Amino acid sequence: MKETDSFFVDQICPVCKTSLHTKVFSINHRQSQVLDMLGATVKEPYADIVKCKECQHNYMTPIISDEKLTHYYSKINSEFYANPKPEVGNINEKEYADYTKLIQTKCKTGKVLEIGCGKGYLLKTLQDNGFECYGVEPSPFAAGFAKETLNLQVENCFLHESSFFNMKFDVVVMIDVVEHISNMQRFMQQVSSVLKPGAIIFIGTGNIDSFNARFAGSNWGYFVSWEHVSFFNLKSMRALLTNFNYTDIEIRKTSLQHRPVKNTVEFIKNVAKKAINPFVKRKFYHGICYDHMIVMAKHKG
Ligand SMILES: [Zn+2]
């Protein structure tokens, strides 16, 4: 790692806050746009993925400082929204319908808050199914779409800055959010503070111990960006939720988009890609191939 200023900070374990770890491998962030968008000059954009000796959680170190990332998310836009393509509607329709059904097995009605709701398609699905929906989203582009195009109650800010922060919810949803969070202790305290006793937390994130992630190694799709700093497995997810007083923890191994045929085709393509490496240009293995987890748990209050 060579950088021109103090852009980077070493990270300790986001789950248990200890620092003893073993290095898993280095990852190359050449394809990530974050440094360019922040105007940083880094000749060799490498970071390490390490595994915590205490709780087995995996995380990246060094990471871009919290201050720089906060500025980036809220003032510039996530790189995932940096070059918006023509709007194609809700490409995750099946996935979001499945999430809605899962949530309904725990809670039929009430107030839902989605943290990092993006353009709002999941929130809209939940609203169409009778939930009273609220969302927070730091990206100005995505929050604007959710508010203006989908007419949702979404605020363009982080949770603790939101007017929803003093409300209490029956369900809090966060899909592809926790891998962005370096200070999980602070984040989980904020999340837990807006849940009613007995309310449901619903989390979607990558599973670093999944077969596809192990198969892809340092080319796993979740390693594509400087934005992703924390990589859960089933053990570290359970440890986190137990530490924060959650019970009835259910974890399902899934794929993004919830389309078995497409997911299998992508996995076969990954196998082919791996077979012909290193003769092809380095490519990331998609995160839609059975390497996601969906987590539901109840907040004891
Ligand atoms: Zn740990």
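It should be noted that the structure appears before, not after, this text.
Predicted model, so just to flag it, every value in this text is computed and none were measured.

**Overview of the coordination of the zinc ion**
Four donors placed tetrahedrally about a metal ideally form angles of 109.5 degrees, and six donors placed octahedrally ideally form angles of 90 or 180 degrees.
Okay, step 1: At the metal site, the zinc ion is ligated by Cys-13 (SG), Cys-16 (SG), Cys-52 (SG) and Cys-55 (SG), and these contacts range over 2.3 Å.
Okay, step 2: Site description for the zinc ion: donor spacing in sequence, C-x2-C-x35-C-x2-C. Taken together, the positions of Cys-16 in the loop between strand 1 (8-9) and strand 2 (21-28) and Cys-55 in the loop between strand 3 (46-52) and strand 4 (58-61) put the pair 39 residues apart, joining distant regions of the chain.
Okay, step 3: The buried category is assigned to Cys-55, whose relative accessible area is 7%.

**So, the sheet that holds strand 3**
Okay, step 1: Across the sheet, 4 strands lie side by side as 2-3-4-11; this open sheet has antiparallel pairing. What marks the edges here is a single partner per strand, and that holds for strand 2 and strand 11 (230-231).

**Quick notes on the environment of Val-229**
Okay, step 1: When you line up the elements, Val-229 lands in the loop between helix 7 (211-216) and strand 11.
Okay, step 2: Judged by relative accessible area, Val-229 falls into the buried class, the value being 1%.
Okay, step 3: It is 21 Å that separates the C-alpha atoms of Val-229 and Lys-253, two residues lying 24 residues apart in sequence.
Okay, step 4: In contact with Val-229, not counting residues within four places along its chain, are Gln-11, Tyr-59, Met-60, Ile-63, Glu-179, His-180, Ile-181 and Ser-182.

**Digging into the pattern of salt bridges**
Okay, step 1: Counted under the stated rule, the structure contains 11 salt bridges.
Okay, step 2: A salt bridge links Lys-119 to Glu-87; its shortest N-O distance comes to 2.8 Å. In this pair, Lys-119 is assigned in the loop between strand 6 (111-115) and helix 4 (121-128) and Glu-87 in the loop between helix 2 (66-76) and helix 3 (93-104), connecting sequence segments 32 residues apart.
Okay, step 3: Overall, the relative accessible area of 39% leaves Glu-87 in the partly exposed class.
Okay, step 4: Put simply, Asp-209 and Arg-214 hold a salt bridge, and the shortest N to O gap is 3.6 Å.
Okay, step 5: Exposure remark for Arg-214: the relative accessible area of 56% places this residue in the exposed category.

**Some points on helix 4**
Okay, step 1: Buried residues of helix 4: Tyr-121, Leu-122, Leu-123, Thr-125 and Leu-126, and no others.
Okay, step 2: Lining the buried residues of helix 4 we find helix 3, strand 6, strand 7 (132-136), helix 5 (140-148), strand 8 (154-155) and strand 9 (169-175).
Okay, step 3: Looking one or two places after helix 4, you find Gly-130, whose phi comes out positive at around 100°.

**Observations concerning the sheet that holds strand 9**
Okay, step 1: In spatial order, the strands read 8-7-6-9-10-13-12; together these 7 strands make up an open sheet with mixed pairing. For this open sheet the edge positions go to strand 8 and strand 12 (246-254), each flanked by a neighbour on one side alone.
Okay, step 2: Across 5 bridges, strand 6 lies against strand 7 in parallel orientation. For Lys-111, the partnering residue across the bridge sits in strand 7 and is Glu-132.
Okay, step 3: Contacts from helix 4 reach strand 6, strand 7, strand 8 and strand 9, with the element oriented near 165° to strand 7.
Okay, step 4: On top of the sheet, helix 6 (residues 184-193) reaches strand 6, strand 9, strand 10 (195-206), strand 12 and strand 13 (292-299); it is set at about 135° to strand 10, its chief contact.

**Here's the deal with unusual backbone geometry**
Okay, step 1: A cis amide bond links Thr-61 to the next residue, Pro-62, at an omega of -5°.
Okay, step 2: Tracing the chain through its elements places Pro-62 in the loop between strand 4 and strand 5 (63-64).

**Some remarks on the nonpolar core**
Okay, step 1: Within the largest apolar cluster, 39 residues are counted, with the highest numbers of intra-cluster contacts made by Phe-187, Val-191, Ile-201 and Leu-241.
Okay, step 2: The next biggest cluster of nonpolar side chains, apart from the first, holds 32 residues, and it includes Ile-27, Leu-256, Tyr-285 and Cys-289.

**Quick look at the environment of Phe-164**
Okay, step 1: Mapping Phe-164 onto the fold places it in the loop between strand 8 and strand 9.
Okay, step 2: Taking the C-alpha atoms as reference points, Phe-164 and Val-194, 30 residues apart in sequence, are found 8.4 Å from one another.
Okay, step 3: Excluding residues that lie within four positions of it along the chain, Phe-164 makes contacts with Leu-113, Tyr-134, Gly-135, Val-136, Gln-153, Glu-155, Phe-169 and Val-194.

**Remarks on the packing of aromatic side chains**
Both the distance between ring centres and the angle between the ring planes are used here to describe each pair of aromatic rings.
Okay, step 1: With the rule as written, the count across this model stands at 16 aromatic pairs.
Okay, step 2: Aromatic pair Tyr-121 and Phe-145: ring centres 5.8 Å apart, planes at 55°, arrangement tilted. Taken together, the residues span a long stretch of sequence, with Tyr-121 in helix 4 and Phe-145 in helix 5 at a distance of 24 residues.
Okay, step 3: With a relative accessible area of 12%, Phe-145 lands in the buried category.
Okay, step 4: Joined through ring pairs, the aromatic side chains of Phe-25, Trp-220, Tyr-222, Phe-223 and Phe-231 make up one cluster.
Okay, step 5: Over the ring of Phe-145 we find Lys-119, and its NZ or CZ is 5.4 Å from the ring centre.

The rules behind each value
- Residues numbered from 1 in each chain as written.
- Predicted model: local features only at pLDDT ≥ 70, side-chain atom pairs only at ≥ 80, totals over all residues.
- Heavy atoms only, no water.
- Donors = N, O, S within 2.8 Å, 3.2 Å for Na, K, Ca; no water.
- Helix = DSSP H or I, 4+ residues; strand = E, 2+ residues; numbered from the N terminus.
- Buried < 20%, exposed > 50% of the residue type's maximum accessible area, 1.4 Å probe, protein only.
- Pairing = 2+ DSSP bridges.
- Contact = heavy atoms within 4.5 Å.
- Salt bridge = Lys/Arg side-chain N within 4 Å of Asp/Glu carboxyl O.
- Axes fitted to C-alpha atoms, helices over the stretch in contact; angles between N-to-C directions.
- Core = buried A, V, L, I, M, F, W, Y, C linked by side-chain atoms within 4.5 Å.
- Phe/Tyr/Trp six-rings, centres within 6.5 Å; stacked < 30°, edge-to-face > 60°.
- Lys NZ or Arg CZ within 6 Å of the ring centre and 35° of its normal.

Geometry only, nothing functional implied.
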